[in-house]
Amino acid sequence: MKTVVILCAACGIGKSTMKDFIEENNLLPEWVCLDTDDVGLNWWDYAGTDRENKYQSDSFAKAVELSGDKNLFFVTCMNPLNYFRDVEAVPEVTSTYFIGLVCSDEQVTARLKARPEERQCGSDEFIKSQIDYNNWFKRNAGKFQLFIDNTNQSYEETSKLICDFVKKTDR
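Keep in mind that this is a model prediction, so the values were computed, not measured. (Residues numbered from 1 in each chain as written. Predicted model: local features only at pLDDT ≥ 70, side-chain atom pairs only at ≥ 80, totals over all residues. Heavy atoms only, no water.)

Caption draft 1: The overall build of the protein chain, seen in detail. Tallying secondary structure elements over the protein chain gives 6 helices and 5 strands in all. Traced from its N-terminal end to its C-terminal end, the protein chain shows the element sequence β-α-β-α-β-α-β-α-α-β-α. Taking 16 Å as the expected radius of gyration for a compact globule of 171 residues, we find that the protein chain reaches 15 Å, a close match to that expectation. Considered along the principal axes of its C-alpha atoms, the protein chain spans approximately 45 × 40 × 30 Å. Here the protein chain holds 171 residues, and 46% of them are scored as buried. (Helix = DSSP H or I, 4+ residues; strand = E, 2+ residues; numbered from the N terminus. Rg over C-alpha atoms; globule rule 2.2 N^0.38 Å. Buried < 20%, exposed > 50% of the residue type's maximum accessible area, 1.4 Å probe, protein only.)

Caption draft 2: Layout of the packing of helix 4 (residues 105-114) against helix 5 (residues 124-139). Packing of helix 4 against helix 5 brings their axes to within 10 Å, and their N-to-C directions diverge by 140°. In terms of orientation, helix 4 and helix 5 fall into the oblique class. Of the two elements, helix 4 crosses helix 5, and the hand of that crossing is right-handed. Contact residues: helix 4 offers Asp105, Val108, Thr109, Leu112 and Lys113, while helix 5 offers Asp124, Phe126, Ile127, Gln130, Ile131, Asn134, Asn135 and Lys138. Residue composition of the contact of helix 4 with helix 5, by class: 5 nonpolar, 4 polar and 4 charged. (Axes fitted to C-alpha atoms, helices over the stretch in contact; angles between N-to-C directions. Parallel < 35°, antiparallel > 145°, perpendicular 65-115°, else oblique. Left-handed = near helix turned anticlockwise from the far one by under 90°. Contact = heavy atoms within 4.5 Å. Nonpolar A, V, L, I, M, F, W, Y, C, P; charged D, E, K, R; others polar.)

Caption draft 3: Region of the structure containing the sheet that holds strand 2 (residues 31-35). Read across the open sheet, the 5 strands follow the order 2-3-1-4-5; overall the sheet is parallel. Where the open sheet ends on each side, the last strands, each with one partner, are strand 2 and strand 5 (146-149). Within this sheet the neighbouring strands show an average axis-to-axis angle of 20°, counted without direction. Sheet topology note: the strand 1 (residues 2-8)/strand 3 (residues 71-76) ladder contains 5 bridges and is parallel. Within the sheet, the bridge partner assigned to Ile6 lies in strand 3 and is Phe74. With respect to the sheet, helix 2 (residues 54-66) is in contact with strand 1, strand 2, strand 3 and strand 4 (93-102), its orientation differing from that of strand 3 by roughly 145°. Contacting strand 1, strand 4 and strand 5, helix 5 runs over the sheet at an angle of about 115° to strand 4. (Pairing = 2+ DSSP bridges.)

Caption draft 4: Local environment of the side chain of Asn134. For Asn134, the location among the structural elements is in helix 5. For Asn134, a relative accessible area of 0% corresponds to the buried category.

Caption draft 5: Quick look at helix 5. A rise of 1.5 Å per residue sets the reference length of helix 5, with its 16 residues, at 22 Å; its end C-alpha atoms lie 22 Å apart and thus fit the reference within 8%. Ile127, Gln130, Ile131, Asn134, Trp136 and Phe137 are the residues of helix 5 that are buried. Looking at the packing, one finds that the buried side of helix 5 touches strand 1, helix 3 (80-86), strand 4, helix 4 and strand 5. (Expected span 1.5 Å × (residues − 1).)

Here it is, written out as structure tokens:
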């Protein structure tokens with residue numbers, strides 16, 4: 001029996017930063033914290049193939065496997081609709097909760113432009129796609145059990161909201 005809390009957002013919102021902050025400060029010691037990047041699957045191995053839709057399902061299953069006997073705090077761009085539509089059920093997962101994370105369009109732009117060039121996140125086209133996705137999250141705030149706008153919040157403030165929610169799901 002496993003509980004999974006999924007922190008989801010567009011690129012540049014702060015998902016990985018939050019996961020790293022929570023891990024570095026040992027704020028969820030009873031949980032395994034994983035980012036999609038941690039599972040060892042490469043999106044580009046799926047993109048443009050007949051199994052493109054399997055990436056999210058395979059990433060989720062691998063994260064559950066890597067979490068062992070602990071509950072999982074999983075950081076991903078996947079949203080609840082993708083999860084329920086595309087991700088195959090993993091039998092040991094008995095509860096899944098979603099945290100939506102957003103920030104201002106200006107912050108998305110600044111954060112993506114500040115990334116190293118090899119991450120290929122600085123083009124106007126990519127930034128626009130992530131702002132559009134970020135705005136989808138804002139329009140669909142009610143689809144999340146917890147929704148956070150971290151535009152004017154510190155790491156400490158945002159992580160406290162996240163960790164308080166995650167701990168409440170662990171019953």
